[in-house]
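One-letter residues, chain by chain:
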Amino acid sequence: MFQVKNAALMEPSFTNYWVSRILSSTSFQMLSVAIGWQMYSLTHDAFSLGFVGLAQFIPMVLLTLVVGHAADRFDRRKIVFLCQITEGAIAALLLFGNISGWLGREQILLAAAVIGACRAFEGPSSSALLPQLVPQAVIQQAIAWSTSAGQAAQILGPSLGGVLFSIGPNFVYAIATIALLIAGFLTILIRMEKSVRKLEPVSMRSLLSGLVFVYRHPVILGTISLDLFAVLLGGATALLPIFAQDILHTGPWGLGLMRTAPAIGALLMSIIFAYFPLKKAFGPTLFGALAVFGIATMVFALSTNLMISLIALLMIGASDVISVVIRSSLVQLQTPDEMRGRVNAVNSLFIGTSNQLGEFESGMVAGLIGTVPAAFIGGLGTIVVACLWMYLFPSLRKIRSLSEG
């Protein structure tokens, strides 16, 4: 029974993939912390700090169509490997530049842009690679384990990066370099069945085919757009500093707990999903999870007690992972292998856009009507979106198994 429940981890190639993902994602989180801190230490300019995030975000938007086509045309394993090695090289250059004393604002922004471009290629290629590593019967477990790797990185990366940076930025860059090189080595060890794909010539039609495919398949369109609008409205976590300081009066230590709570809830739920994968009622469970997400957000908005707020944030993270695993599983299994790169690129763009715009939307609404009303309305908006999508996409609501179309 134990071996059956861990069927995904019994696949050596998936284990290499999983560990590589943990190392790569943790290194990215560490580098993001170090680059941000070092930029502000050098410039003491909030605008320069904002440009770091922009430098990482812009490549994802500009390269969406290209990275998807590349993931469907070339060996996805090699694309992930090259991205991880390049990120490792950038970390090494940051280390060398800091030691030599030539690391400045322009060099940091350039490094952030290159890392952003690498992540833009790595994300869709890695997601499209996963179904090639495990039997279809355990794809949900594999996605749950992969999600747990991402959540573990979100917990470990920022804290480890902060601790190492307090000792010295060189330690962050050195550890990230080593971790990324190991991640690349594990990626190149991955063995999979070679699939024969029909290689389309590079054209505007082939580049846009991912968008066309998503539009023509209601389950995938509903799945991807649901993530965009639900996260866009339910971005209360962007307001955590205000809740910590002005509402819960906890200070930095409380803010740290509040930032960690959703990731812990997500990590625990992803592990539960890996051991006890969902067997039926995928559509109702998806919308039920979104309802819990919205209710938990509303509870968090109204809470004036730190413990209640932390429990609500745990529920936000846990319910979000339920919908993430179901949505990811549907996208992977409803998409033919020759299209997975392009569809995953569209999915990555929607997820990245929803996260970025969600933080912007929460900040703007909070500035207009207040922090508590903004967070409460955001949670309520998530529930409204779930209800609306149940009406607009009945095929998604009624879906019972991952293979249904």
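Since the model is a prediction, treat every value here as computed from it, not as a measurement.

## A few points about the packing of helix H2 (residues 12–43) against helix H5 (residues 76–100)
At a minimum axis distance of 11 Å, the contact between H2 and H5 shows a crossing angle of 35°. Between H2 and H5 the crossing geometry is left-handed. Across the interface between the two elements, Ser20, Ser24, Leu31, Ile35 and Gln38 from H2 touch Gln84, Glu87, Ala91, Leu94 and Asn98 from H5. Class assignment for the residues of the contact of H2 with H5 results in four nonpolar, five polar and one charged.

## Concerning the confidence of the model for the protein chain
Mean pLDDT over the protein chain stands at 81; residues scoring 70 or higher make up 86%. When pLDDT is averaged over each helix and strand of the protein chain, the minimum, 44, is found for helix H1 (residues 2–5) and the maximum, 94, for helix H8 (residues 169–188).

## Here we look at the side chain of Ser303
Within the secondary structure, Ser303 sits in the loop between helix H13 (282–302) and helix H14 (306–333). Its relative accessible area of 6% is what places Ser303 among the buried residues. Polar contacts involving the side chain of Ser303 include one to the side chain of Ser309, which spans 2.9 Å. Apart from residues lying up to four places away in sequence, Ser303 is in contact with Ile247, Leu248, Ile308 and Ser309.

## Considerations on the packing of H5 against helix H6 (residues 105–129)
It is at 8 Å that the axes of H5 and H6 come closest, and there the two elements cross at 155°. Taken together, the axes of H5 and H6 are roughly antiparallel relative to one another. Between H5 and H6 lies a crossing whose hand is left-handed. Within the contact between the two elements, H5 uses Arg76, Arg77, Ile79, Val80, Cys83, Gln84, Thr86, Glu87, Ile90 and Leu94 and H6 uses Ala111, Val114, Ile115, Cys118, Arg119, Phe121, Glu122, Ser125, Ser126, Ala128 and Leu129.

What counts as what
Residues numbered from 1 in each chain as written. Predicted model: local features only at pLDDT ≥ 70, side-chain atom pairs only at ≥ 80, totals over all residues. Heavy atoms only, no water. Axes fitted to C-alpha atoms, helices over the stretch in contact; angles between N-to-C directions. Helix = DSSP H or I, 4+ residues; strand = E, 2+ residues; numbered from the N terminus. Left-handed = near helix turned anticlockwise from the far one by under 90°. Contact = heavy atoms within 4.5 Å. Nonpolar A, V, L, I, M, F, W, Y, C, P; charged D, E, K, R; others polar. pLDDT = per-residue confidence, 0-100. Buried < 20%, exposed > 50% of the residue type's maximum accessible area, 1.4 Å probe, protein only. Polar contact = N/O pair within 3.5 Å; in protein donor to acceptor, adjacent residues only side chain to side chain. Parallel < 35°, antiparallel > 145°, perpendicular 65-115°, else oblique.

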